[in-house]
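Spelled out from the first residue to the last, the chains are:
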Amino acid sequence: RIMITGALGQIGSELTTKLRTIYGADNVLATDIRATNDESGPFNVLDVTDGQKMHDLAKDFEADTIMHMAALLSATAEEKPLLAWNLNMGGLVNALEAARELDMQFFTPSSIGAFGPSTPKKNTPQDTLQRPTTMYGVNKVSGELLCDYYFQKFGLDTRGVRFPGLISYVAPPGGGTTDYAVDIYYKAVEQKSYESFIAKGTYMDMMYMPDALQAIVDLMEADASRLEHRNAFNVTAMSFDPEQIAASIQKHIPDFNMTYRVDPVRQAIADSWPDSIDASVAQKEWGFKAQYDLDAMTADMLEKLKKKFMHA
Ligand code: VAH
């Protein structure tokens, strides 16, 4: 039985649906700081900075797994660094403590944001220098180390991946740097044009949400004896810059027009991250494999968003 925090977020909303499909709706307790009228399974309001309530909800639900997805993303964290530290790290410690006290398997995502300007930018290795210059990156590196500590010190079965930018059409992301690659599809369908806040030539790793969700399930179900790493597996499907995703869209919408108005805050964050990371360790230790490349993702995103706008 699984408890999810941040279940109304960009990943959490689709992870809840996928886990309910695989393990049965009644076996997945969704929680989020916001309320919802969604009736697809058990739900509770939970502020992850309330450790006692998190513990009690997991205990009452008899959860044996917790997937901690609640966090502030990179751009928001840069605007409100202290709030980000308190929420991202306070929530994580509470989730790890609940998992330790209730002996639950544990998942939380790290990010390519855990790397910094002094990290090798191309084919970034699994084990390398991590001196991030953003609060989000500091949170992610700290989180990786804390999850490793709970595994080594308490034997907690903690697992996690470093996600690239994730692209999806169900719940819009909020406050991320890679969100331009989500916004562009919405604007392409709505108005056949997009003004990018990330500059031409800025390469970042990306992945389509279905591949991200499958990676979580595959890692959590992997044979623990195969895992030499634990909480920070590099995973990625592609690396592109704004010009390349625009070109991919233009194959479907020939008159799609791309312009630029760079946001210096999010551009500085993007510039501090790798251009492309190496996911070979995840492939080796638990068979990670992404199905969608840029053109396959574009075709599916545009088709799904056109349907979404038609029914709006
Ligand atoms: C962000 N989407 O932009 C998140 C993610 C790698 C990017 O961590 O902050």
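Since the structure is predicted, the reported quantities are computational estimates derived from the model, not experimental observations.

Participant: Any chance you could explain the sheet that holds strand S12 (residues 204-208) here in plain terms?
Facilitator: Hydrogen bonds along the backbone pair up the strands of a sheet, which may run parallel or antiparallel. Strand order in the open sheet formed by three strands is S10-S12-S14, and the pairing between neighbours is mixed. The open sheet has two edge strands, strand S10 (165-167) and strand S14 (238-240), and neither has a second partner. Averaged over all pairs of adjacent strands, the angle between their axes in this sheet comes to 45°, without regard to strand direction. Where S10 lies against S12, three bridges are found, and the strand directions are parallel. Within S12, the residue paired with Leu 166 across the bridge is Met 207. Running at roughly 25° to S10, helix H6 (residues 180-191) makes contact with S10, S12 and S14 of the sheet.

Participant: What is the right way to look at the side chain of Lys 140 in this model?
Facilitator: If you trace the backbone, Lys 140 turns up in helix H5 (residues 135-154). Summary of buried charges: Lys 140 has no salt-bridge partner, and the nearest side chain of opposite charge, Glu 144, is 8.3 Å away.

Participant: Help me understand the pattern of salt bridges, please; the structure alone is not making it clear to me.
Facilitator: If charged atoms from side chains of opposite charge come close, those side chains can pair. With the rule as written, the count across this model stands at 13 salt bridges. The salt bridge partner of Glu 144 is Arg 162, with a shortest N-O separation of 2.8 Å. Of this pair, Glu 144 sits in helix H5 while Arg 162 is found in strand S9 (residues 161-163), placing the two residues 18 residues apart along the sequence. A residue is classified by how much of its surface remains accessible, and Glu 144, at 5% relative accessible area, is buried. For the salt bridge of Glu 228 with Lys 284, the shortest nitrogen-to-oxygen distance reads 3.4 Å. With Glu 228 in the loop between helix H7 (209-220) and strand S13 (233-234) and Lys 284 in helix H10 (residues 280-286), this residue pair connects regions lying 56 residues apart in the sequence. Residue Glu 228 is classed as exposed on the basis of its relative accessible area, which comes to 61%. Judged by its relative accessible area of 56%, Lys 284 falls in the exposed class.

Participant: Would you mind going over the sheet that holds strand S3 (residues 43-45) with me for this structure?
Facilitator: Strand order in the open sheet formed by six strands is S3-S2-S1-S4-S5-S8, with parallel pairing between adjacent strands. Unpaired on one side and paired on the other, S3 and strand S8 (158-159) mark the two borders of the sheet. In this structure, strand S5 (residues 105-107) lies alongside S8, joined through two bridges in parallel fashion. Within S8, the position partnered with Phe 107 by the bridge is Arg 159.

Calculation notes
Sequence positions are assigned chain by chain, starting from 1 and proceeding in written order. Since the coordinates come from a predicted model, pLDDT governs what is reported: local features require at least 70, and pairs of side-chain atoms require 80 or more to be given and counted, while whole-chain, interface and lining totals use all residues. The side-chain numbers reported here are obtained from all heavy atoms of the structure, hydrogens and water having been left aside. Between any two strands, at least two bridges found by DSSP are needed for them to pair. Every helix listed is a DSSP run of H or I at least four residues long, and every strand listed is a run of E at least two residues long, numbered separately from the N terminus. Only the contacting stretch of a helix is used when fitting its axis, a line to C-alpha atoms as for every element, and angles between N-to-C directions run 0 to 180 degrees. Residues count as neighbours in contact if any of their non-hydrogen atoms are within 4.5 Å of one another. Think of it in three bands: residues with accessible area under 20% of the maximum for their type are buried, residues over 50% are exposed, and the middle band is partly exposed, with areas taken using a 1.4 Å probe on protein chains only. When charges are tallied, Lys and Arg are placed among the positive residues and Asp and Glu among the negative ones, while His and the ends of the chain are skipped. We define a salt bridge as a side-chain nitrogen of Lys or Arg found within 4 Å of a carboxyl oxygen belonging to Asp or Glu.

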